[in-house]
Structure formats: C-alpha cells, structure tokens
Amino acid sequence: MWVSLPASSHLRALVGTMSPAIALAFLPLVVTLLVRYRHYFRLLVRMVLLRSLRDCLSGLRAEERAFSYVLTHALPGDPSHILTTLDHWSSHCEYLGHMGPVKGQILTRLVEEKTPACVLELGTHFGYSTLLLARALPPGGRLLTVEWDPRMAAVAEKLIRLAGFDERMVELIVSSSEEVIPCLRTQYQLSRADLVLLAHRPRCYLRDLQLLEAHALLPAGATVLADHVLFPGAPRFLQYAKNCGRYRCRLHHTGLPDFPAIKDGIAQLTYAGPG
C-alpha cells in the first residue's frame, strides 16, 4: 500500500507539470484555426449561441421577433420595403440566416427572365424568398410554397399577406415536401412547375428533385434553383444534376449575408426532359 501512494502522487505531479507544456504546444495551432475560421466562429455565435439565449429569454423565435420589427417599421403592401426591413434587422439586430439581398437579386433576375406561370418553392422558412418570388412573378402567375414547420409557416403566412399577396397568387402549404410533391397534381391542381426553388434542407434536394421527375412535374425547359449548395452544401444533388444528362447546370457564386467570406452559391438547372 505504501508503494502505490507515492506512485499515484508522482503521476499526478507529472501530469500537472506536463499540462501547461502541452497547452503551449497546441496554442499556435488553436490560434491559427481561430484566425482561419473566424467567420465560421462568428456565424456559430450569432446563429446558434446568441439566438438560443434570446429564444429562452423571450419565448419567441428569431423569425417571430423579426416579424414584430417588420410590423412597426415596414410599409404594409410594399414587399420591397418589407424585404429591406428584414435585411436591416438581420444585419443590425439579429442574424436570420435568410437568402439576403445579393442572392435575392440573382433570384429576382432569373424569375423575371424566365417569366414562369407556375412556381414551386420548397422551404418557405419565414417568407423572405417567397416575397422575392411573388414580387417577380408575371401577371397571372401562381406560387405554391411548402413549409414543414407550422410555427415558421405561421410567420410566413402573416408576412406574405402583409406584403399584399392573396391566396390565389401565393398559396402556403404546411407539410413536408416529400408528402406534398406526389399530391401536387391531384390536390393542388399544379400540373407543371415552370420554376422550382429548393430552399429547405440541402440533404433533401436530390430526393425531391427525383420526386418531381417521377411525377412528371417538370416540363422541358423548366428551371430548378437550389440555394446553399456550397454551404452547408449539397454534393450528391450537384453530382446527380451534372452527371444524369437531363440538366444544363450553372453555379452562381455568392457569400452568406453579412458573412461574404463564407462562400456559398445558387445552382441553376435547366431541365432538358426525361431523355
């Protein structure tokens, strides 16, 4: 017994003397990583840590707090002013992780160029990209937007109606994309989608694209836009689109709103037909 105690004490003393040395040895690596990935660290703090703290303190989600700000600062019936107000909130008050003005300009330009009669959005979120799509629709155009989260959909519904778009022009469906796509033709009278925006979960992009193909909802020449294909990324979706032979692909490179150093992009696919 008298042998083990000194041995144990010696081991603790050895660990105690080695810990500072080990820490100092790793310090340059830690500093390098913090400098190199500082933008991702800032995004983590703003998007996760601060948001979670505010959610707990207020009992509301960030999107609900943003909508309250819109109610007191934006002009009802003016989607452009509402979008600008949301951009201001995200930049100066609380980061929303939304599409943002740079991607928004790309999306608006593409919708105006394609003049789609029927648009399908998978991933309404709180309605920012929905307003972009609806604002750019040609006269008589129709937009169906799908959101699986009822609480998020409730914010989006109020935002869409505040902007002045009625249910005949913009219809919000609260369900998962996997459940909605097979029912679009029969239940929602959508026989074709001239333009599709994938903006929900990148890991679901490939599944939903193949569902749209399987139910013959993409006419030849249809445009499929996919957000966040580089961050967090949708590699299987991009690989399929490039290699299956049914799409012409283009990637619009951007950065995240307020984090331009974090590279992201919007994929633009043009459907050539079943082939």
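Scroll up to find the structure this text is about.
Residues numbered from 1 in each chain as written. Predicted model: local features only at pLDDT ≥ 70, side-chain atom pairs only at ≥ 80, totals over all residues. Heavy atoms only, no water.

Engineer: Explain the sheet that holds strand β1 (residues 118-122) to me, please; I cannot follow it from the model alone.
Structural biologist: Hydrogen bonding along the main chain pairs the strands of a sheet, whether they run parallel or antiparallel. Ordered by their spatial adjacency, 7 strands build an open sheet running β3-β2-β1-β4-β5-β7-β6, and the pairing between neighbours is mixed. The open sheet terminates on both sides in strands that have one partner only, identified here as β3 (170-174) and β6 (247-256). For this sheet, the mean inter-axis angle between neighbouring strands, taken without regard to orientation, is 15 degrees. Examined bridge by bridge, strand β5 (residues 223-226) and strand β7 (residues 259-271) share 4 bridges and lie antiparallel to one another. Each residue of the ladder has a partner; that of Leu225, found in β7, is Gln268. (Pairing = 2+ DSSP bridges. Helix = DSSP H or I, 4+ residues; strand = E, 2+ residues; numbered from the N terminus. Axes fitted to C-alpha atoms, helices over the stretch in contact; angles between N-to-C directions.)

Engineer: Is there a simple way to explain the packing of helix α3 (residues 62-73) against helix α4 (residues 79-92) in this structure?
Structural biologist: For any two helices packed against each other, the geometry comes down to the angle between their axes and how far apart the axes lie. Two elements in contact, α3 and α4, have axes separated by 10 Å at closest approach and are oriented at 125 degrees. Looking at the two axes, α3 sits oblique to α4. In this structure, α3 crosses over α4, and the sense of that crossing is right-handed. Contacts between α3 and α4 pair Ala62, Arg65, Ala66, Tyr69, Val70 and His73 from the former with His81, Ile82, Thr85, Leu86, His88 and Trp89 from the latter. Per-class residue counts for the contact of α3 with α4 are 7 nonpolar, 4 polar and 1 charged. (Parallel < 35°, antiparallel > 145°, perpendicular 65-115°, else oblique. Left-handed = near helix turned anticlockwise from the far one by under 90°. Contact = heavy atoms within 4.5 Å. Nonpolar A, V, L, I, M, F, W, Y, C, P; charged D, E, K, R; others polar.)

Engineer: Would you mind going over the pattern of salt bridges with me for this structure?
Structural biologist: If the charged atoms of two oppositely charged side chains come close together, the side chains can form a pair. For the coordinates displayed, the defined rule picks out 15 salt bridges. Between Asp55 and Arg65 there is a salt bridge, and its shortest N-O distance comes to 2.9 Å. Of this pair, Asp55 sits in helix α2 (residues 38-58) while Arg65 sits in helix α3; the two residues are 10 residues apart in sequence, bridging distant segments of the chain. The class for Asp55 is partly exposed, based on a relative accessible area of 25%. (Salt bridge = Lys/Arg side-chain N within 4 Å of Asp/Glu carboxyl O. Buried < 20%, exposed > 50% of the residue type's maximum accessible area, 1.4 Å probe, protein only.)

Engineer: Can you help me understand empty space enclosed by the protein in this one?
Structural biologist: Left-over empty space is what a probe sized like a water molecule reveals as it rolls over the atoms. With the rule as written, the count across this model stands at 1 cavity of 30 Å³ or more. Taken as a whole, the largest cavity encloses approximately 60 Å³ of empty space. Every residue lining the largest cavity is listed: Leu122, Gly123, Val146, Glu147, Trp148, Ser175, Ser176, Ser177, His200 and Arg201. By residue class, the composition of the lining of the largest cavity is 3 nonpolar, 5 polar and 2 charged. (1 Å grid on protein atoms, 1.4 Å probe; cavity = no way out; pocket = protein on both sides within 12 Å on 5 of 7 lines; lining within 4 Å. Points joined across faces, edges and corners; volume = space filled by probe spheres on them.)

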